Amino acid sequence: MMHAFLPEKKQGYCVAVVGATGAVGETMLEILAERAFPVASIIPLASSRSAGSTVEFSGRDYVVQDLASFDPKNVDIALFSAGADTALTYAPRFAEAGCYVIDNSSAWRMHDDVALVVPEVNPESLKMARKNRIIANPNCSTIQMVMALKPLHDAVPIKRVVVSTYQAVSGAGREAMTELAEQTRNLLAGQAYDNQVFPARIAFNVIPHIDVFLDNGYTKEEQKMIDETRKILAADIAVTATTVRVPVFYGHSESINITFAAPMDAETARMLLAEAEGICVVDDPSGEDYPLPSEAAGTDAVWVGRIRNDNSFKNSLHLWVVADNVRKGAALNAVQIAEFLISRS
């Protein structure tokens, strides 16, 4: 374990949550309380539109303050979940005031001097934060995938990853969840429906399109998974991705095909994954037992099943990986990073 980043051990820390009224921000507050993070004071922040509203933390209501006018000089750790533009504008301001920023947006992930961290996978990268005090949370789909890849890659180097995702609408925010609910209700009632959030109907449908399309034919979400996986695990891993939105409220699922530099059989992979921190293996074909997003929702683990050899290609395996995209895919990972910042060897 590395030495604590904050200069002295405290009984409690001043923690700010930026974007506190959003789904991820609210979950950050819940998880800070659940894990008994040593909070001396909690400061919920949001845009002027949400300032003055209240959020709950540890059984008490707190008034949300306006981010634009807030002075961060006394904050120890700030958890950001307010979008890339907000992070680019305000994270440096918090960092310059002496605060460590853990940002959930895509703003800082691919900056060469910013750590991109999944604590169970690459905590050693946190040392980069001693200089600029900004730490990036990876994309939700990347987090659960590298959690499953890491113990296998440590045993036998991975050469190539092919992933297809099946991503819940909560990854696109509250309005997306409302759209799925309303479309489902209207379709079942034979009524008209609107598409406001997604480019096509999401209810009773599958959309192979998350974020904008790039010139190379991939979507931005797919490119995030490719670039982030290589930054976290190894730059020489070949990664390709297809990201798909499905009519599920919580829980991203991924079908992952892995090619290794040397033999890796399914039984060995199953054993390695079962022993890995943060991983739960559910893999019993005879009992039709495998991870489901409906069961992963509300949990903190990354669930892995359908572990099998790829009989079509040498040194290759298939995995099915499921996780709650708002918890481990966002809020929990950020809080775990904060726990590393205050831990002491």
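This text goes with the structure placed above it.
Peer 1: So what's going on with the nonpolar core? Residues and values would help.
Peer 2: Counting residues in hydrophobic clusters, the biggest one holds 61 residues, and the most contacted among them are Phe94, Leu152, Ile256, Val304 and Leu319. Counting residues per element, this core draws most heavily on helix α4 (residues 140-155), at 7 residues. Contacts of Ile256, omitting those with residues within four sequence positions, involve Met145, Leu149, Val161, Val162, Val163, Leu317, His318, Leu319 and Val321. If you look at the next biggest cluster of nonpolar residues, it comprises 37 residues, including Phe5, Val24, Ala46 and Ala331.

Peer 1: Please give an account of helix α5 (residues 174-188) that cites residues and values.
Peer 2: Taking 1.5 Å of rise per residue, the 15 residues of α5 would be expected to cover 21 Å, and the 21 Å separating its terminal C-alpha atoms lies within 8% of that figure. Every buried residue of α5 is listed here: Ala176, Met177, Glu179, Leu180, Gln183 and Asn186.

Peer 1: Describe the sheet that holds strand β6 (residues 77-80), naming the residues involved and giving the relevant values.
Peer 2: The strand order β5-β2-β1-β6-β7-β9-β8 describes an open sheet built from 7 strands, whose pairing is parallel. Each edge of the sheet is formed by a strand with only one pairing partner; in this case those strands are β5 (65-66) and β8 (115-116). Bridging between strand β1 (residues 13-18) and β6 involves 4 bridges; their strand directions are parallel. Its bridge partner lying in β6, Val18 is registered against Phe80. Docked against the sheet, helix α9 (residues 327-342) engages β1, β6, β7 (100-103) and β9 (134-136), running at close to 165 degrees with respect to β6.

Peer 1: Outline the packing of α4 against helix α6 (residues 220-232), listing residues and values.
Peer 2: Close contact between α4 and α6 brings their axes to 9 Å; oriented N to C, the two are set at 40 degrees. In this view, α4 runs oblique relative to α6, as classed from their interaxial angle. Between α4 and α6 lies a crossing of right-handed hand. Seen from α4, the contacting residues are Ser141, Thr142, Met145, Val146 and Leu149; seen from α6, they are Glu221, Lys224, Met225, Glu228, Thr229 and Ile232.

Peer 1: Please set out the packing of aromatic side chains residue by residue, giving values where relevant.
Peer 2: Inspection of the entire model under this criterion finds 6 aromatic pairs. A ring pair is formed by Tyr13 and Phe37, whose centres lie 6.5 Å apart and whose planes are at 50 degrees; its orientation type is tilted. Here Phe37 lies in the loop between α1 (23-34) and β2 (39-46) and Tyr13 lies in strand β1, a separation of 24 residues in the sequence. Of the two residues, Tyr13 and Phe37, neither departs from the other in class, the shared state being buried. Ring centres 5.6 Å apart and planes at 45 degrees place the aromatic pair Tyr166 and Trp320 in the tilted group.

Peer 1: Provide a residue-level description of the sheet that holds strand β13 (residues 279-281), including the pertinent values.
Peer 2: Reading across the sheet, the 6 strands line up as β11-β10-β12-β15-β14-β13 and stay open at both edges, with mixed pairing between neighbours. Every other strand in the sheet has two partners, leaving β11 (238-245) and β13 as the edge strands with one partner each. Shown here is a sheet whose adjacent strand axes are inclined to one another by a mean of 20 degrees, direction ignored. Relative to β11, strand β10 (residues 158-167) runs parallel, the two sharing 8 bridges.

Peer 1: Which residues make up the pattern of salt bridges, and what values do they have?
Peer 2: Counting across every chain of the model gives 12 salt bridges. Between Glu26 and Arg174 there is a salt bridge whose closest N-O contact spans 2.6 Å. One end of the pair, Glu26, is in helix α1; the other, Arg174, is in helix α5, with 148 residues separating them in the sequence. Residue Arg174 is classed as partly exposed on the basis of its relative accessible area, which comes to 39%. Where Lys224 meets Glu221, a salt bridge forms, and the shortest distance between an N and an O atom there is 3.9 Å. On the criterion of helical spacing, the pair formed by Lys224 and Glu221 is a turn pair, its members being 3 residues apart in helix α6. For the pair Lys224 and Glu221, a shared accessibility class is recorded, and that class is buried. Residues joined by salt bridges that share partners form a network here, namely Glu34, Asp300 and Arg327.

Peer 1: Would you mind going over unusual backbone geometry in detail, with residue names and values included?
Peer 2: One non-glycine residue, Asp211, lies in positive phi territory at about 75 degrees. Mapped onto the secondary structure, Asp211 falls in the loop between α5 and α6. The backbone of Arg306 shows a phi angle near 50 degrees, a positive value even though the residue is not glycine. With respect to the helices, strands and loops of the structure, Arg306 is situated in strand β14 (residues 302-309).

Peer 1: Which residues make up the side chain of Asp283, and what are the values?
Peer 2: Within the secondary structure layout, Asp283 lies in the loop between β13 and α8 (293-296). Classification of Asp283 as buried rests on a relative accessible area of 18%. A polar contact is formed between the side chain of Asp283 and the backbone nitrogen of Arg306, at a distance of 3.0 Å. In terms of polar contacts, Asp283 uses its side chain to reach the backbone amide nitrogen of Ile307, at 3.3 Å. Setting aside anything within four residues of it in sequence, one finds Asp283 in contact with Arg270, Asp289, Gly305, Arg306 and Ile307.

Peer 1: So what's going on with the packing of α1 against α9? Which residues, and what values?
Peer 2: Contact pair α1 / α9: the axes reach a minimum separation of 9 Å and the direction vectors enclose 50 degrees. What the angle tells us is that α1 and α9 run oblique. For α1 against α9, the interelement crossing comes out right-handed. Along the contact surface, α1 presents Val24, Thr27, Met28, Glu30, Ile31, Leu32 and Glu34, while α9 presents Arg327, Ala330, Ala331, Leu332, Ala334 and Val335. When its residues are assigned to classes, the contact of α1 with α9 shows 9 nonpolar, 1 polar and 3 charged.

Calculation criteria
- Residues numbered from 1 in each chain as written.
- Predicted model: local features only at pLDDT ≥ 70, side-chain atom pairs only at ≥ 80, totals over all residues.
- Heavy atoms only, no water.
- Core = buried A, V, L, I, M, F, W, Y, C linked by side-chain atoms within 4.5 Å.
- Buried < 20%, exposed > 50% of the residue type's maximum accessible area, 1.4 Å probe, protein only.
- Helix = DSSP H or I, 4+ residues; strand = E, 2+ residues; numbered from the N terminus.
- Contact = heavy atoms within 4.5 Å.
- Expected span 1.5 Å × (residues − 1).
- Pairing = 2+ DSSP bridges.
- Axes fitted to C-alpha atoms, helices over the stretch in contact; angles between N-to-C directions.
- Parallel < 35°, antiparallel > 145°, perpendicular 65-115°, else oblique.
- Left-handed = near helix turned anticlockwise from the far one by under 90°.
- Phe/Tyr/Trp six-rings, centres within 6.5 Å; stacked < 30°, edge-to-face > 60°.
- Salt bridge = Lys/Arg side-chain N within 4 Å of Asp/Glu carboxyl O.
- Polar contact = N/O pair within 3.5 Å; in protein donor to acceptor, adjacent residues only side chain to side chain.
- Nonpolar A, V, L, I, M, F, W, Y, C, P; charged D, E, K, R; others polar.

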